[in-house]
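Chain and residue survey
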Amino acid sequence: MTVDPDLSELDAALAERGFDGYLLDAASEESNQRYLSGFDAPDPFVTLYTPEETALLVSSLEYGRAKSESRADTVYRWNDFDLRERAQEVGRETARGDALADFLTEVGVSSVLVPRRFPLFSADALRERDVAVEPDGDEVVEDVRAVKTETEVDHIRVAQKANEAAMRAAEDLIAGAAVEDGVLHHAGEPLTSERVREEIEVTLLRHGCALDETIVACGADAAEPHNRGSGPLGAGEPIIVDIFPRDKETKYHSDMTRTFVRGEPSEDARDFYAVTEAALDAALDALEAGVTGADVHGAVCDVYEDAGYPTLRSDPDTETGFIHSTGHGVGLDVHESPSVSDRADDELEAGHVVTIEPGLYDPDVGGVRIEDIVVVTEDGYENLTDYPVEFEVCARSSASRCGR
(Lines give C-alpha, C1' and ligand atoms only; values in the text may rest on other atoms or scores of the structure.)
Protein backbone atom coordinates (compact mmCIF):
# COMPACT_ATOMS: atom_id res chain seq x y z
CA MET A 1 0.00 0.00 0.00
CA THR A 2 1.62 3.24 -1.15
CA VAL A 3 1.42 6.77 0.19
CA ASP A 4 1.79 10.01 -1.76
CA PRO A 5 4.59 11.82 0.08
CA ASP A 6 5.53 15.46 -0.29
CA LEU A 7 9.10 15.24 -1.61
CA SER A 8 9.68 18.96 -2.17
CA GLU A 9 12.30 18.96 0.60
CA LEU A 10 14.19 16.20 -1.21
CA ASP A 11 13.91 18.13 -4.48
CA ALA A 12 15.39 21.19 -2.77
CA ALA A 13 18.26 19.19 -1.29
CA LEU A 14 19.14 17.70 -4.67
CA ALA A 15 19.08 21.13 -6.31
CA GLU A 16 21.10 22.78 -3.55
CA ARG A 17 23.81 20.11 -3.65
CA GLY A 18 23.83 19.77 -7.43
CA PHE A 19 22.80 16.12 -7.79
CA ASP A 20 20.49 14.67 -10.41
CA GLY A 21 18.77 12.11 -8.20
CA TYR A 22 18.57 10.01 -5.07
CA LEU A 23 19.50 6.33 -5.47
CA LEU A 24 18.69 3.32 -3.30
CA ASP A 25 19.86 -0.29 -3.70
CA ALA A 26 18.14 -2.36 -1.02
CA ALA A 27 15.18 -4.57 -0.19
CA SER A 28 12.02 -2.90 1.03
CA GLU A 29 12.93 -3.78 4.62
CA GLU A 30 15.03 -0.62 4.28
CA SER A 31 12.35 1.92 5.08
CA ASN A 32 13.64 4.65 2.79
CA GLN A 33 13.40 2.17 -0.07
CA ARG A 34 9.84 1.27 0.83
CA TYR A 35 8.93 4.96 1.19
CA LEU A 36 10.33 6.25 -2.09
CA SER A 37 9.40 3.24 -4.23
CA GLY A 38 6.05 2.34 -2.68
CA PHE A 39 7.06 -1.25 -3.40
CA ASP A 40 7.40 -4.25 -1.11
CA ALA A 41 9.94 -6.87 -2.20
CA PRO A 42 12.13 -9.18 -0.11
CA ASP A 43 15.20 -9.00 -2.38
CA PRO A 44 17.25 -5.90 -3.17
CA PHE A 45 16.12 -3.70 -6.04
CA VAL A 46 17.06 -0.23 -7.24
CA THR A 47 15.03 2.94 -6.92
CA LEU A 48 16.07 6.20 -8.55
CA TYR A 49 14.18 9.31 -7.51
CA THR A 50 14.50 12.55 -9.47
CA PRO A 51 12.23 15.60 -9.31
CA GLU A 52 10.90 14.57 -12.73
CA GLU A 53 10.25 10.86 -12.15
CA THR A 54 10.79 7.76 -10.06
CA ALA A 55 12.30 4.75 -11.83
CA LEU A 56 12.75 1.20 -10.55
CA LEU A 57 15.21 -1.49 -11.64
CA VAL A 58 14.00 -4.93 -10.59
CA SER A 59 14.33 -8.61 -11.41
CA SER A 60 12.06 -10.21 -13.97
CA LEU A 61 10.39 -12.00 -11.05
CA GLU A 62 9.21 -8.70 -9.56
CA TYR A 63 8.62 -6.78 -12.80
CA GLY A 64 4.86 -7.32 -13.04
CA ARG A 65 4.19 -6.48 -9.40
CA ALA A 66 6.45 -3.46 -9.53
CA LYS A 67 4.53 -2.03 -12.46
CA SER A 68 1.16 -2.49 -10.78
CA GLU A 69 1.98 -1.87 -7.11
CA SER A 70 4.83 0.65 -6.90
CA ARG A 71 4.66 4.43 -7.17
CA ALA A 72 7.28 4.41 -9.94
CA ASP A 73 6.69 6.22 -13.22
CA THR A 74 8.91 3.71 -15.06
CA VAL A 75 10.01 0.18 -14.23
CA TYR A 76 13.01 -1.52 -15.85
CA ARG A 77 14.31 -5.09 -15.65
CA TRP A 78 17.95 -5.97 -15.15
CA ASN A 79 17.81 -7.89 -18.39
CA ASP A 80 16.83 -4.69 -20.21
CA PHE A 81 20.53 -3.91 -19.74
CA ASP A 82 21.81 -7.36 -20.75
CA LEU A 83 22.74 -8.46 -17.23
CA ARG A 84 22.57 -12.16 -18.01
CA GLU A 85 24.70 -11.99 -21.14
CA ARG A 86 27.24 -9.68 -19.53
CA ALA A 87 27.50 -11.92 -16.47
CA GLN A 88 28.58 -14.83 -18.65
CA GLU A 89 31.40 -12.71 -20.05
CA VAL A 90 32.69 -10.69 -17.07
CA GLY A 91 31.05 -12.19 -13.98
CA ARG A 92 27.85 -11.23 -12.25
CA GLU A 93 29.13 -8.47 -9.96
CA THR A 94 30.95 -6.58 -12.74
CA ALA A 95 27.96 -7.06 -15.01
CA ARG A 96 25.65 -5.71 -12.32
CA GLY A 97 27.75 -2.56 -12.01
CA ASP A 98 27.69 -2.06 -15.77
CA ALA A 99 23.92 -2.57 -15.89
CA LEU A 100 23.34 -0.18 -13.00
CA ALA A 101 25.39 2.52 -14.72
CA ASP A 102 23.51 1.95 -17.98
CA PHE A 103 20.23 2.29 -16.10
CA LEU A 104 21.28 5.72 -14.84
CA THR A 105 22.38 6.72 -18.32
CA GLU A 106 19.01 5.60 -19.68
CA VAL A 107 17.19 7.98 -17.34
CA GLY A 108 19.67 10.81 -17.85
CA VAL A 109 21.38 10.78 -14.46
CA SER A 110 25.12 11.18 -13.85
CA SER A 111 25.22 12.14 -10.16
CA VAL A 112 23.34 10.70 -7.18
CA LEU A 113 22.92 11.14 -3.47
CA VAL A 114 22.66 7.84 -1.62
CA PRO A 115 21.83 6.75 1.95
CA ARG A 116 24.75 6.52 4.35
CA ARG A 117 24.44 2.71 4.30
CA PHE A 118 24.38 2.35 0.54
CA PRO A 119 26.17 -0.83 -0.64
CA LEU A 120 29.87 -0.13 -1.06
CA PHE A 121 30.19 -2.37 -4.12
CA SER A 122 27.44 -0.49 -5.94
CA ALA A 123 28.98 2.88 -5.07
CA ASP A 124 32.43 1.81 -6.24
CA ALA A 125 31.02 0.31 -9.44
CA LEU A 126 29.24 3.56 -10.31
CA ARG A 127 32.27 5.74 -9.52
CA GLU A 128 34.42 3.54 -11.75
CA ARG A 129 31.93 4.36 -14.50
CA ASP A 130 32.12 8.14 -13.89
CA VAL A 131 28.89 8.48 -11.90
CA ALA A 132 29.23 10.89 -8.96
CA VAL A 133 28.05 9.22 -5.75
CA GLU A 134 27.84 11.00 -2.41
CA PRO A 135 26.31 9.82 0.87
CA ASP A 136 23.51 11.97 2.28
CA GLY A 137 24.91 12.94 5.66
CA ASP A 138 21.89 15.17 6.32
CA GLU A 139 19.50 12.21 6.06
CA VAL A 140 16.99 14.30 4.13
CA VAL A 141 14.73 11.33 3.33
CA GLU A 142 14.44 10.51 7.03
CA ASP A 143 13.43 14.13 7.67
CA VAL A 144 10.80 13.92 4.93
CA ARG A 145 9.48 10.65 6.35
CA ALA A 146 9.21 12.16 9.82
CA VAL A 147 6.32 14.43 8.79
CA LYS A 148 3.42 12.06 8.23
CA THR A 149 0.63 12.48 5.72
CA GLU A 150 -2.96 11.89 6.82
CA THR A 151 -2.78 8.49 5.12
CA GLU A 152 0.29 7.55 7.13
CA VAL A 153 -1.32 8.66 10.38
CA ASP A 154 -4.32 6.49 9.51
CA HIS A 155 -1.97 3.53 8.95
CA ILE A 156 -0.51 4.10 12.41
CA ARG A 157 -4.00 4.34 13.91
CA VAL A 158 -4.82 0.91 12.52
CA ALA A 159 -1.65 -0.57 13.97
CA GLN A 160 -2.41 1.11 17.29
CA LYS A 161 -5.88 -0.45 17.44
CA ALA A 162 -4.26 -3.86 17.07
CA ASN A 163 -1.75 -2.86 19.73
CA GLU A 164 -4.55 -1.98 22.13
CA ALA A 165 -6.27 -5.32 21.53
CA ALA A 166 -3.01 -7.09 22.33
CA MET A 167 -2.46 -4.98 25.44
CA ARG A 168 -5.98 -5.82 26.59
CA ALA A 169 -5.26 -9.52 26.13
CA ALA A 170 -2.07 -9.19 28.16
CA GLU A 171 -3.76 -7.19 30.91
CA ASP A 172 -6.66 -9.63 31.11
CA LEU A 173 -4.25 -12.53 31.52
CA ILE A 174 -2.38 -10.73 34.30
CA ALA A 175 -5.55 -9.42 35.96
CA GLY A 176 -7.18 -12.85 36.00
CA ALA A 177 -4.16 -14.62 37.46
CA ALA A 178 -4.31 -16.23 40.88
CA VAL A 179 -1.74 -15.29 43.51
CA GLU A 180 0.00 -18.31 45.02
CA ASP A 181 3.16 -18.14 47.11
CA GLY A 182 4.07 -14.73 45.72
CA VAL A 183 3.79 -15.83 42.09
CA LEU A 184 1.01 -15.28 39.55
CA HIS A 185 -0.67 -18.46 38.29
CA HIS A 186 -2.86 -19.16 35.26
CA ALA A 187 -4.62 -22.45 34.55
CA GLY A 188 -2.78 -24.07 37.43
CA GLU A 189 0.68 -23.09 36.19
CA PRO A 190 2.94 -20.14 36.97
CA LEU A 191 2.16 -17.25 34.63
CA THR A 192 5.35 -16.38 32.79
CA SER A 193 6.59 -13.54 30.63
CA GLU A 194 6.75 -16.02 27.77
CA ARG A 195 3.08 -16.98 28.16
CA VAL A 196 1.95 -13.35 28.13
CA ARG A 197 4.09 -12.63 25.05
CA GLU A 198 2.46 -15.58 23.31
CA GLU A 199 -0.98 -14.09 24.01
CA ILE A 200 0.18 -10.73 22.67
CA GLU A 201 1.60 -12.22 19.48
CA VAL A 202 -1.45 -14.36 18.73
CA THR A 203 -3.76 -11.38 19.25
CA LEU A 204 -1.68 -9.22 16.94
CA LEU A 205 -1.75 -11.85 14.20
CA ARG A 206 -5.53 -11.94 14.43
CA HIS A 207 -5.52 -8.17 13.87
CA GLY A 208 -3.20 -8.22 10.86
CA CYS A 209 -0.03 -7.26 12.73
CA ALA A 210 3.17 -8.95 13.76
CA LEU A 211 6.29 -8.17 15.74
CA ASP A 212 9.71 -9.71 16.19
CA GLU A 213 9.72 -9.25 19.94
CA THR A 214 7.96 -7.51 22.77
CA ILE A 215 8.68 -6.73 26.40
CA VAL A 216 6.93 -8.36 29.34
CA ALA A 217 9.34 -7.70 32.20
CA CYS A 218 8.81 -8.04 35.94
CA GLY A 219 10.84 -7.29 39.04
CA ALA A 220 14.55 -6.72 38.50
CA ASP A 221 14.12 -7.45 34.78
CA ALA A 222 11.83 -4.43 34.52
CA ALA A 223 14.56 -2.22 35.98
CA GLU A 224 16.45 -2.67 32.67
CA PRO A 225 14.42 -0.73 30.07
CA HIS A 226 15.12 -3.10 27.14
CA ASN A 227 15.08 -6.38 29.05
CA ARG A 228 12.43 -8.56 27.37
CA GLY A 229 11.69 -10.39 30.62
CA SER A 230 11.57 -14.09 31.33
CA GLY A 231 10.17 -16.59 33.77
CA PRO A 232 7.33 -16.39 36.32
CA LEU A 233 5.68 -13.06 37.07
CA GLY A 234 5.74 -12.03 40.71
CA ALA A 235 2.73 -10.89 42.72
CA GLY A 236 2.91 -7.28 43.85
CA GLU A 237 5.75 -6.50 41.41
CA PRO A 238 5.39 -4.00 38.54
CA ILE A 239 5.13 -5.70 35.14
CA ILE A 240 6.15 -3.58 32.15
CA VAL A 241 4.34 -4.54 28.93
CA ASP A 242 5.80 -2.74 25.89
CA ILE A 243 4.24 -3.64 22.51
CA PHE A 244 5.44 -2.21 19.18
CA PRO A 245 3.76 -4.09 16.31
CA ARG A 246 4.00 -3.61 12.56
CA ASP A 247 0.94 -3.77 10.34
CA LYS A 248 1.56 -6.57 7.85
CA GLU A 249 -0.12 -4.73 4.96
CA THR A 250 1.04 -1.13 5.31
CA LYS A 251 4.29 -1.85 7.25
CA TYR A 252 3.59 1.03 9.65
CA HIS A 253 4.22 0.57 13.37
CA SER A 254 2.65 1.67 16.60
CA ASP A 255 4.15 1.66 20.09
CA MET A 256 2.60 1.60 23.56
CA THR A 257 3.66 0.66 27.09
CA ARG A 258 1.66 0.05 30.22
CA THR A 259 2.79 -1.13 33.64
CA PHE A 260 0.53 -3.42 35.66
CA VAL A 261 0.68 -4.98 39.09
CA ARG A 262 -1.40 -7.92 40.33
CA GLY A 263 -1.35 -8.05 44.10
CA GLU A 264 -0.21 -5.47 46.63
CA PRO A 265 2.58 -3.22 45.33
CA SER A 266 5.15 -1.60 47.59
CA GLU A 267 4.81 2.06 48.49
CA ASP A 268 7.94 2.76 46.46
CA ALA A 269 6.33 1.17 43.42
CA ARG A 270 3.18 3.23 43.95
CA ASP A 271 5.31 6.38 44.11
CA PHE A 272 7.16 5.36 40.95
CA TYR A 273 3.87 5.02 39.14
CA ALA A 274 2.31 8.25 40.41
CA VAL A 275 5.29 10.42 39.48
CA THR A 276 5.64 8.71 36.09
CA GLU A 277 2.00 9.43 35.31
CA ALA A 278 2.65 13.06 36.29
CA ALA A 279 5.71 13.10 34.01
CA LEU A 280 3.61 11.78 31.12
CA ASP A 281 1.07 14.56 31.67
CA ALA A 282 3.82 17.20 31.84
CA ALA A 283 5.32 16.03 28.56
CA LEU A 284 1.96 16.09 26.81
CA ASP A 285 1.25 19.56 28.19
CA ALA A 286 4.54 20.78 26.70
CA LEU A 287 3.98 19.19 23.30
CA GLU A 288 3.13 21.29 20.23
CA ALA A 289 4.64 22.34 16.93
CA GLY A 290 7.53 24.75 17.44
CA VAL A 291 8.90 23.33 20.67
CA THR A 292 11.97 21.10 20.55
CA GLY A 293 12.24 17.50 21.61
CA ALA A 294 14.64 18.75 24.27
CA ASP A 295 11.91 21.04 25.66
CA VAL A 296 9.53 18.12 26.06
CA HIS A 297 12.25 15.93 27.57
CA GLY A 298 13.10 18.71 29.98
CA ALA A 299 9.51 18.84 31.22
CA VAL A 300 9.77 15.16 32.15
CA CYS A 301 13.10 15.64 33.89
CA ASP A 302 11.64 18.54 35.88
CA VAL A 303 8.90 16.32 37.30
CA TYR A 304 11.27 13.53 38.28
CA GLU A 305 13.93 15.81 39.74
CA ASP A 306 11.37 17.82 41.71
CA ALA A 307 10.16 14.53 43.20
CA GLY A 308 13.71 13.64 44.23
CA TYR A 309 14.52 11.05 41.57
CA PRO A 310 17.75 11.13 39.54
CA THR A 311 17.73 11.65 35.79
CA LEU A 312 20.55 11.52 33.26
CA ARG A 313 20.26 15.32 33.16
CA SER A 314 20.92 15.67 36.89
CA ASP A 315 23.41 12.79 37.06
CA PRO A 316 24.81 11.49 33.75
CA ASP A 317 26.25 8.44 35.54
CA THR A 318 23.11 7.33 37.34
CA GLU A 319 22.01 3.73 36.86
CA THR A 320 18.63 4.25 38.52
CA GLY A 321 15.81 6.75 38.05
CA PHE A 322 14.93 8.15 34.61
CA ILE A 323 17.67 6.67 32.42
CA HIS A 324 16.50 7.06 28.81
CA SER A 325 15.05 9.62 26.45
CA THR A 326 11.39 10.67 26.53
CA GLY A 327 10.46 9.40 23.10
CA HIS A 328 11.10 8.88 19.41
CA GLY A 329 9.40 9.02 16.05
CA VAL A 330 7.33 6.08 14.80
CA GLY A 331 6.39 5.15 11.24
CA LEU A 332 7.83 2.61 8.84
CA ASP A 333 10.47 2.12 11.56
CA VAL A 334 9.54 1.75 15.18
CA HIS A 335 12.44 4.09 16.03
CA GLU A 336 12.89 6.96 13.59
CA SER A 337 13.09 10.76 13.53
CA PRO A 338 12.38 12.94 15.38
CA SER A 339 13.92 12.32 18.77
CA VAL A 340 12.41 13.57 22.03
CA SER A 341 15.56 13.76 24.11
CA ASP A 342 18.05 16.11 25.74
CA ARG A 343 19.96 16.58 22.45
CA ALA A 344 16.91 17.01 20.21
CA ASP A 345 17.31 20.70 19.35
CA ASP A 346 15.26 20.71 16.15
CA GLU A 347 11.70 21.99 16.42
CA LEU A 348 8.86 19.50 16.30
CA GLU A 349 6.50 19.93 13.36
CA ALA A 350 2.82 19.28 12.83
CA GLY A 351 2.59 15.74 11.47
CA HIS A 352 5.42 14.30 13.54
CA VAL A 353 4.28 11.08 15.22
CA VAL A 354 6.20 10.48 18.44
CA THR A 355 6.07 8.40 21.58
CA ILE A 356 6.00 9.91 25.05
CA GLU A 357 7.36 7.28 27.43
CA PRO A 358 8.73 8.41 30.79
CA GLY A 359 9.88 5.72 33.20
CA LEU A 360 11.62 5.02 36.49
CA TYR A 361 13.94 2.10 37.21
CA ASP A 362 15.59 0.63 40.28
CA PRO A 363 16.40 -3.07 40.82
CA ASP A 364 15.18 -2.82 44.41
CA VAL A 365 11.75 -1.58 43.25
CA GLY A 366 11.46 -2.77 39.65
CA GLY A 367 10.53 -0.60 36.70
CA VAL A 368 7.58 1.53 35.69
CA ARG A 369 7.03 2.97 32.21
CA ILE A 370 3.95 4.53 30.61
CA GLU A 371 3.94 5.24 26.88
CA ASP A 372 1.44 6.86 24.54
CA ILE A 373 1.84 7.53 20.82
CA VAL A 374 0.74 10.96 19.60
CA VAL A 375 0.76 13.12 16.48
CA VAL A 376 2.00 16.69 16.91
CA THR A 377 -0.38 19.46 15.81
CA GLU A 378 0.07 23.21 15.44
CA ASP A 379 -1.41 23.91 18.86
CA GLY A 380 -0.72 20.68 20.75
CA TYR A 381 -1.16 17.04 19.88
CA GLU A 382 -3.66 14.33 19.07
CA ASN A 383 -3.28 11.24 21.20
CA LEU A 384 -3.56 8.13 19.04
CA THR A 385 -3.66 5.97 22.17
CA ASP A 386 -7.04 4.98 23.56
CA TYR A 387 -6.07 2.80 26.50
CA PRO A 388 -6.47 3.50 30.22
CA VAL A 389 -3.52 4.36 32.43
CA GLU A 390 -4.06 2.15 35.49
CA PHE A 391 -1.56 0.36 37.68
CA GLU A 392 -3.31 -2.14 39.94
CA VAL A 393 -5.37 -4.78 38.12
CA CYS A 394 -7.40 -7.78 39.22
CA ALA A 395 -10.05 -10.12 37.89
CA ARG A 396 -13.07 -8.21 36.62
CA SER A 397 -15.99 -9.59 38.54
CA SER A 398 -17.72 -6.22 38.31
CA ALA A 399 -17.45 -2.90 36.51
CA SER A 400 -14.97 -1.68 39.09
CA ARG A 401 -11.34 -2.73 39.20
CA CYS A 402 -9.72 -4.15 42.35
CA GLY A 403 -12.66 -3.13 44.48
CA ARG A 404 -12.53 0.53 43.48
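Now for a description of the structure that goes with this document. (Residues numbered from 1 in each chain as written. Predicted model: local features only at pLDDT ≥ 70, side-chain atom pairs only at ≥ 80, totals over all residues. Heavy atoms only, no water.)

Digging into the layout of surface pockets
Volume-wise, the largest pocket comes out at about 650 Å³. In terms of lining residues, the largest pocket is bounded by 27 residues, among which Glu213, Phe244, His253, Val334 and His335 are the most central. Among the residues forming the lining of the largest pocket, the class breakdown is seven nonpolar, seven polar and 13 charged. (1 Å grid on protein atoms, 1.4 Å probe; cavity = no way out; pocket = protein on both sides within 12 Å on 5 of 7 lines; lining within 4 Å. Points joined across faces, edges and corners; volume = space filled by probe spheres on them. Nonpolar A, V, L, I, M, F, W, Y, C, P; charged D, E, K, R; others polar.)

Here's the deal with the pattern of salt bridges
Think of it this way: side chains of opposite charge can pair up when their charged atoms draw near. The full count for this structure, using the stated rule, is 32 salt bridges. Ionic pairing is found between Arg17 and Asp136, a salt bridge with its closest N-O pair at 3.2 Å. Placement of the pair is Arg17 in helix H1 (residues 8-17) and Asp136 in the loop between strand S6 (132-135) and helix H7 (140-146), with a sequence separation of 119 residues. By relative accessible area, Asp136 is classed as buried at 3%. (Salt bridge = Lys/Arg side-chain N within 4 Å of Asp/Glu carboxyl O. Helix = DSSP H or I, 4+ residues; strand = E, 2+ residues; numbered from the N terminus. Buried < 20%, exposed > 50% of the residue type's maximum accessible area, 1.4 Å probe, protein only.)

A closer look at the nonpolar core
In terms of nonpolar packing, the biggest core is built from 29 residues, with Val296, Tyr304, Ile356 and Leu360 touching the most fellow members. Contributing elements (two or more residues each) for this core: helix H10 (267-286), helix H11 (293-306), strand S17 (353-356) and strand S20 (372-377). Residue contributions to this core peak at eight residues, all from H10. (Core = buried A, V, L, I, M, F, W, Y, C linked by side-chain atoms within 4.5 Å.)

Thoughts on the packing of aromatic side chains
Evaluated as defined, the whole model comprises seven aromatic pairs. With a centroid separation of 5.7 Å and an interplanar angle of 45 degrees, the aromatic rings of Tyr76 and Phe81 are classed as tilted. When the ring of Phe272 is compared with that of Tyr309, the centres are 5.5 Å apart and the planes differ by 85 degrees; the resulting orientation is edge-to-face. Of the two residues, Phe272 sits in helix H10 while Tyr309 sits in the loop between H11 and strand S15 (327-329), which places them 37 residues apart along the sequence. (Phe/Tyr/Trp six-rings, centres within 6.5 Å; stacked < 30°, edge-to-face > 60°.)

So, the pairing of strand S5 (residues 111-114)
Here S5 shows a buried face lined by Ser111 and Leu113 and a second buried face lined by Val112 and Val114. Alignment of strand S1 (residues 21-26) against S5, held across two bridges, turns out to be parallel. By the bridge assignment for S5, Tyr22 is matched with Leu113. Across four bridges, S5 lies against S6 in parallel orientation. Bridge pairing in S6 links Leu113 to Glu134. In this view, the connection linking S5 to its parallel neighbour S6 by way of helix H6 (residues 120-128) has right-handed handedness. (Pairing = 2+ DSSP bridges. Right-handed = clockwise from strand over helix to strand, strands pointing away.)

Let's talk about the side chain of Asn32
Turning to its location among the elements, Asn32 is positioned in helix H2 (residues 31-37). A relative accessible area of 0% places Asn32 in the buried class. In this structure the side chain of Asn32 is engaged in a polar contact, spanning 2.6 Å, whose partner is the side chain of Arg145. (Polar contact = N/O pair within 3.5 Å; in protein donor to acceptor, adjacent residues only side chain to side chain.)

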